[in-house]
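Descriptive structure summary
Chain by chain, the residues run as shown.
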There are 2 protein chains.
Amino acid sequence: MMKESEALKIIGRAPVRLDGEEKVTGKALYTVDVELPGMAHGKVLRSPFPHARVIEIDVHKAARLPGVITIITREDLSGLGFFGATYKDQSVVAIDKVRYVGDPVAAIAAEDESTAAEALELIRVEYDELPSVTNIDEALAPGAPLVHEVSSTGGEMHGYHYEIPDEFRGTNVCYHFGYSRGDVNAGFKKAAHVFEDTFTFPRVQHYSMEAHATVAQVKGDRITLWVGTQDPFALQEHVAEIFHVPLNKVRVIVPYVGGGYGGKLSVKAEPLAAVLSWRARRPVRLALSIEESFKTVTRHPARYRVKTGVSRDGRLVARECGIQMDTGGYADAGPRVTQKAGYRAVGPYRIPHVKTDAYTIYTNTVPAGAFRGFGTLQVTWAYESQMDIMAHRLGIDPLEFRLKNLLKKGELYTAGDTPVDCDLKEGLIRAAQAIGWNEKSKPNRGKGLSCCMKDGGGTYKVASAAVKMNFDGSIVLLTGTVEVGQGALTALSQVVAEELALTLDRITVAQLDTDVTPFDCSTNASSSMVVMGLAVQRAAQDLKRQLLREAGRLWNGGLDHAVFQDGKIVSGDGRAISYEEVITRRFEARAGEMIGRGTYKDKKSKKAVLGSPTTFWETSWGAAEVEVDLETGEIKLHKYVSVADVGKAIHPVQCVGQDEGAVMFAVGHSLLEEMVYKDGQLLNPNLVDYRLPYFDDQPVEFETILLENQNGPGPFGSKGMGEGGLLPVAPAIGNAVYNAVGVRLYDLPMTPERVWRALRFQKDRGK
Amino acid sequence: MMKESEALKIIGRAPVRLDGEEKVTGKALYTVDVELPGMAHGKVLRSPFPHARVIEIDVHKAARLPGVITIITREDLSGLGFFGATYKDQSVVAIDKVRYVGDPVAAIAAEDESTAAEALELIRVEYDELPSVTNIDEALAPGAPLVHEVSSTGGEMHGYHYEIPDEFRGTNVCYHFGYSRGDVNAGFKKAAHVFEDTFTFPRVQHYSMEAHATVAQVKGDRITLWVGTQDPFALQEHVAEIFHVPLNKVRVIVPYVGGGYGGKLSVKAEPLAAVLSWRARRPVRLALSIEESFKTVTRHPARYRVKTGVSRDGRLVARECGIQMDTGGYADAGPRVTQKAGYRAVGPYRIPHVKTDAYTIYTNTVPAGAFRGFGTLQVTWAYESQMDIMAHRLGIDPLEFRLKNLLKKGELYTAGDTPVDCDLKEGLIRAAQAIGWNEKSKPNRGKGLSCCMKDGGGTYKVASAAVKMNFDGSIVLLTGTVEVGQGALTALSQVVAEELALTLDRITVAQLDTDVTPFDCSTNASSSMVVMGLAVQRAAQDLKRQLLREAGRLWNGGLDHAVFQDGKIVSGDGRAISYEEVITRRFEARAGEMIGRGTYKDKKSKKAVLGSPTTFWETSWGAAEVEVDLETGEIKLHKYVSVADVGKAIHPVQCVGQDEGAVMFAVGHSLLEEMVYKDGQLLNPNLVDYRLPYFDDQPVEFETILLENQNGPGPFGSKGMGEGGLLPVAPAIGNAVYNAVGVRLYDLPMTPERVWRALRFQKDRGK
């Protein structure tokens, strides 16, 4: 019926971000900017002990402090449910015991923050301290104290059935993911060489510029939350469950979000804010400090023992993956992170015999949850480091060794999953070329490569969008994707603009509000461009169909070869009608609107290991050139090349920005960051003691290469991106360090001290 | 395909209002409760002269006052458009001249209201005073000064073509409505008796509890307004036109509205708030005082000369209607009010020969605009008073006289309009019975009747609604109807609840926000229950169709005799599936939603006098029993009976409340209220000098009778209501006064002084 002009007008270009002006002029509003009449301010009393029974809480003195409005303790939770991203193991405040230093015990709403803080000091809590476990080894030791007395034996998660192996029942293990194919023992027997290495990944914090904040307003039986969340619809559901009300009683409004990185997924301190408001009968703002965000959620510290068998001619034959992830005092997203880590542990290589066992383990530390790259950095660090270990041991160039084993486009990662949708070799060769792989480095300098892949978009996504055209032909886009800084709203608006042949200034994105915004699963896992992108594109196309139908009615047909051009429908025979005219003639007045709707839904499949084939593969390659200071152990990043398969860059400048940001993030994890526990106490929950990267820590030379083969499932051939860039960084740097000075690092971060020690004392831990 | 259970579950019952708890506990938020970071406060400098040229405005001293952020004068309007509900004759502040006492000349945004008020005093304006006209006679006098130099000769309004008659071109007349049928002069010749009477209606104020208030926030090129408006979509359009931006750049959010009554239709002080915010680069709150609301909009003072010919046997033969309406310094809705007054001037009677001429006249007084009953009270006061004059002169009982002449159900009011849709006699007889028409009154007491009709719902309506079902089966209703206190949100939710067999607690109405709420023409003219009611009902039915389709897919058919029951679809063979299950199975997860959409659109017809047949007829009857104090002239209302044709009362308690409120309103107009001008100055813009009714002024006995014949076009046979109750009040009281003490009042309000004078000095003004 219609043929579009082939040339893209705005896709692939780099218009000014829709949120740009507001953000650079400081006018963008975040949750803490929300002001409501009579708003009170909340503060949280947190456990000073890693593990203790709560004997008594005395709030009388605090309650008498002028300006205190309400105090919440376990006494106030009667009738309220538990919550948690996977298991409902978390109460709004501690009930029987506290499980980590920072676990909320009580909360206060007062006229102002300082009164609330002062009142915190007046609450007396009597604890009965319990022995605690603050790392994986302690938690798994025989007879270890249990963080949660009732331990699971298995269950269903996202359509995937799991069981806790017998040996771990009744321990601190709360989840097990197992996967195997072929016969891994037979594989090892066939292998000429078997390598076994163990790598560790530290506990790191998201450190969003905006700490967790919520403004809650409970009026009657309706709860409204203004919150910088990545996950408004999940939060709505959790809060409805906690309060035992239907979804229409919970409204989540999302102002701008000052960074998320997974730390603002699911549910965090929002229920506490809601309960405070409920009890105070006033709106309550609960804005956590940076230190409190450190005590709210982290990335999972992990240990990955990877055992790989290789044939005489350098082909991978078998791999056994043993992964342990420390999820802290509450599961949060731990089991799902573990599942993904276990699933992704095999790497982008052809390996006939595989066995994976991944475990989630409770400890008395901060809960670990979703974090940009969700379970993947922990395993790429290991398997891509080991690839170099094996290549060197076998005397094969690491590039050649990888090329020999990489999956081909169209091959299956696992049976039932989406076939690999990009040319893994192409990206690796581009990275190698850009770093000058074949050129010799100067002394103490070395180069490293890595190649990583994750099933992109998260597990099983549903998203809807609406494109509302006002009667003057201008647009309001309703999308549940959260603008967390990634530029999604601009990219999604470009999709609408392209489809409807409009300029961006005629498109506005509506405030995200669960009352009115169509459902979206969540802003995570690099999913938005494909999942929401398709929903938005389909909504725009639905609107186009309606416009065409109306135009056909007005024209009595004549739509052959009609195209959308400059805000008009232009027929093959040259007639043109503006969208405004179509709508105002439809409604016989300057009135009404047309609304297009679109939905995207992943497929479910029992054949897929995780119950749903991946939406797309997010593939990324890294190449690093480093120099190691032999005296100090300091690693200097001379150059870093990041290659990202984006299918089609909707907004290339934003794609590069996302990719650079991802690398800079991962540089912190690789070289600097680690949350340090001693005696169950977190020692460095602040920016003085917890070392985020400065610009000086970042690569001197920095290159991002976008692979655009228009082969993605998203609009205009796009794929999701933004997480991929993190995955190859640590192993590329680790491999470069080995290449430079011949020492292999197994533990992150690669601090000068660790490098210095390795240079002097390293014995190879592999066997 | 499906058969519904016949019994209504919630329609016709009286559940607690959805907004009840919030309002009685003081938690409901209105515009003045909106707080934004950095919000400044606006104040307006207003003209002290009724008519003057603005020579010079000196703001230097004011600008230097600490705390003053910006000052707006005509210098700041460059590039901005004009506005007005009908004619664009109003600028944001005065440009060349001021046209009434209160006309905005400048505005200030400051850190707080008192600073802004202080700064107002420092602005020096040099005026060149001009001769002024402050009533209809002055305005129409030969050589009268012109309020607007450029006067119209005619134009198009809502599809209706009008011309200013030659004699009024270049005068203060800005609109003329003419209608005729038959041959009125021939009719008068045939008549046995011809009556000619002139009645006047005073200038009265809406006096909403909430004065006009706006919070405006201009960020970049986007304008957001929080405003207690009845007309968010029209306001959006006006503001977009003033700023020359597309509709997507203007967002109107409507908190609760503390009364509207027409005074918050179209556009008032909102553009001023927007310009202040634009210039201040900060959000600005502009909250008018009560006095300022008095100087913003009023009801039209009017004069109606009604000439009626009657046959020997008491049948109306001809009527000539001459109406003059004073629209003040700017047209506002004046022409449309005049059109409606002219159209409605004939009354609910069968009159073969009719001629109507209605004029809108500029004067140097407060602009007059829409007001509950829109042009109708001015004419019912006249024609229903004259009915009694004629009946008494002819010696016929006023009830009999009316019954003889009333239109029958199905008869045409005018050719091309919707036939009369109720039994006018039934209502009148009910009113007469309830007041005890045939029982003799005590001395100085008397009874009066009246019967009134207006084309209901306004002219040409378009409305859309969406019913969003969350995956748990709960509902968010999106409707553009404003909750102005009338209870519309509860009644509309009842429609959804009834259609979907849900309880009200599973239905929430979303915040009205033009970004996301489907278009609605406006909350006025008793239109919502029919116009939006049908849109909402159709949206619910659309959702039901979708649910049934999904259920059919899950059941492989089996939908014969399916019904919706208790949140489930129940098939004829007894299977049941909850809405939650339908949706979660559709999306294979606790995800997604279903959205039903509905639209209502009036018909257009060239045959209809006003271009569009009325949506329904709003018909109302009144019967009053009064006692007149012969010494003081005071009228005591002993009893008032109001009969309203509601088709079907969706929420009977709210209907009665609306009707009682309407009568109480009209009691004020009838007995007490009048804005008094002297030398162009408004003398009583406050509650000390402007006398609103107290409860003591209201009828001792008060009865509302709802006629429910299920014959309305709205959901479940409903009609709109809420305005009708006002129409019969003044003539019913006036007729009762005549019946009590034999004097006829021609001018409202019927103050003790007027009655006292009439008792002593009246000569009949009729002829």
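What you see is a predicted model; the values in this text were computed from it and never measured. (Residues numbered from 1 in each chain as written. Chains lettered and ligands numbered in written order. Predicted model: local features only at pLDDT ≥ 70, side-chain atom pairs only at ≥ 80, totals over all residues.)

Residues and elements named next belong to chain A. Taken together, 4 strands build an open sheet; the order of strands is S21-S20-S19-S26 and the sheet is mixed. The sheet terminates laterally at strand S21 (507-509) and strand S26 (593-601), the two strands that pair on one side only. The mean inter-strand angle of the sheet, taken between neighbouring strand axes irrespective of direction, is 20°. With 9 bridges joining them, strand S19 (residues 462-470) and S26 adopt antiparallel strand pairing. Each bridged residue has a counterpart across the sheet, and for Ser464 the counterpart in S26 is Thr599. On the sheet, helix H13 (residues 488-500) packs against S19, strand S20 (475-479) and S21 and is oriented at approximately 130° with respect to S20. Here helix H14 (residues 528-555) sits on the sheet and contacts S19, S20 and S26; the angle it forms with S26, its principal contact strand, is near 145°. (Pairing = 2+ DSSP bridges. Helix = DSSP H or I, 4+ residues; strand = E, 2+ residues; numbered from the N terminus. Axes fitted to C-alpha atoms, helices over the stretch in contact; angles between N-to-C directions. Contact = placed C-beta atoms within 7 Å.)

Turning to the nonpolar core, a few remarks are in order. Residues Leu276(A), Val496(A), Val737(A), Leu276(B), Val496(B) and Val737(B) are the most contacted members of the largest nonpolar core, which totals 491 residues. Other than its neighbours up to four places away in sequence, Leu276(B) contacts Gly42(B), Thr70(B), Ile72(B), Ala107(B), Ala109(B), Ala216(B), Val284(B) and Leu286(B). (Core = buried A, V, L, I, M, F, W, Y, C linked by C-beta atoms within 7 Å. Buried ≥ 20, exposed ≤ 12 C-beta atoms within 10 Å, placed from the backbone.)

Chain A puts 44 residues into the contact, and the matching count from chain B is 44 residues. For the side of chain A that touches chain B, the secondary-structure elements that each account for two or more residues are helix H1 (20-24), S19, S20, S21 and S26 of chain A. When grouped by side-chain class, the residues that make up the side of chain A that touches chain B number 19 nonpolar, 8 polar and 17 charged. (Nonpolar A, V, L, I, M, F, W, Y, C, P; charged D, E, K, R; others polar.)

Two orientations exist for strands paired in a sheet by backbone hydrogen bonds: parallel and antiparallel. All names here are of chain B. The sheet built from 4 strands is open, its strands ordered S21-S20-S19-S26 with mixed pairing. Looking along the sheet, the strands with just one partner apiece sit at the ends: strand S21 (507-509) and strand S26 (593-601). Sheet twist, expressed as the average angle between the axes of neighbouring strands with direction ignored, equals 20°. As judged from the 3 bridges shared by strand S20 (residues 475-479) and S21, these two strands associate in the parallel manner. Bridging across to S21, Leu477 finds its partner in Val509.

In this section: the domain arrangement of chain A. Residue and element names in this part refer to chain A. Examined at the domain level, chain A breaks down into domain 1 (20-28 + 461-601), domain 2 (34-130 + 217-285) and domain 3 (302-458 + 607-761). Each of domain 1 and domain 2 has a C-alpha centre, and these two points are 38 Å apart. Counting residues at the interface gives 16 residues for domain 1, matched by 16 residues for domain 2. Here the side of domain 1 that touches domain 2 is built from residues that sort into 5 nonpolar, 7 polar and 4 charged. (Domains from an automatic or database assignment.)

Mapping chain A onto chain B is achieved by rotating through 180° and translating by 0.0 Å along the same axis, at an RMSD of 0.1 Å. The superposition of one copy onto the other is thereby described by a two-fold rotation axis. Relative to the rotation axis, the C-alpha of Glu35(A) is the closest in chain A, positioned 2.9 Å from it. Interface overlap between copies: 100% of the residues of chain A at the interface are likewise at the interface in chain B, consistent with a symmetric, same-surface contact. (Least-squares fit on C-alpha atoms with pLDDT ≥ 70 in both.)

What follows is about the pairing of S20(A). All names here are of chain A. Judged by how many residues are buried, S20 sits mostly within the fold: 5 of 5 residues are covered. Across the two faces of S20 the burial is the same, with Ile475, Leu477 and Thr479 and Val476 and Leu478 all buried. Sheet analysis places S19 next to S20, joined by 5 bridges and oriented antiparallel. Following the sheet pairing, Lys468 is matched in S20 by Val476. Turn length for the S19-S20 hairpin, with the two strands adjacent in sequence and antiparallel, is 4 residues, and the turn residue Gly473 shows positive phi of about 85°. Chirality of the crossover, the property in question, places the unit of S20, H13 and S21 among those that are right-handed. (Right-handed = clockwise from strand over helix to strand, strands pointing away.)

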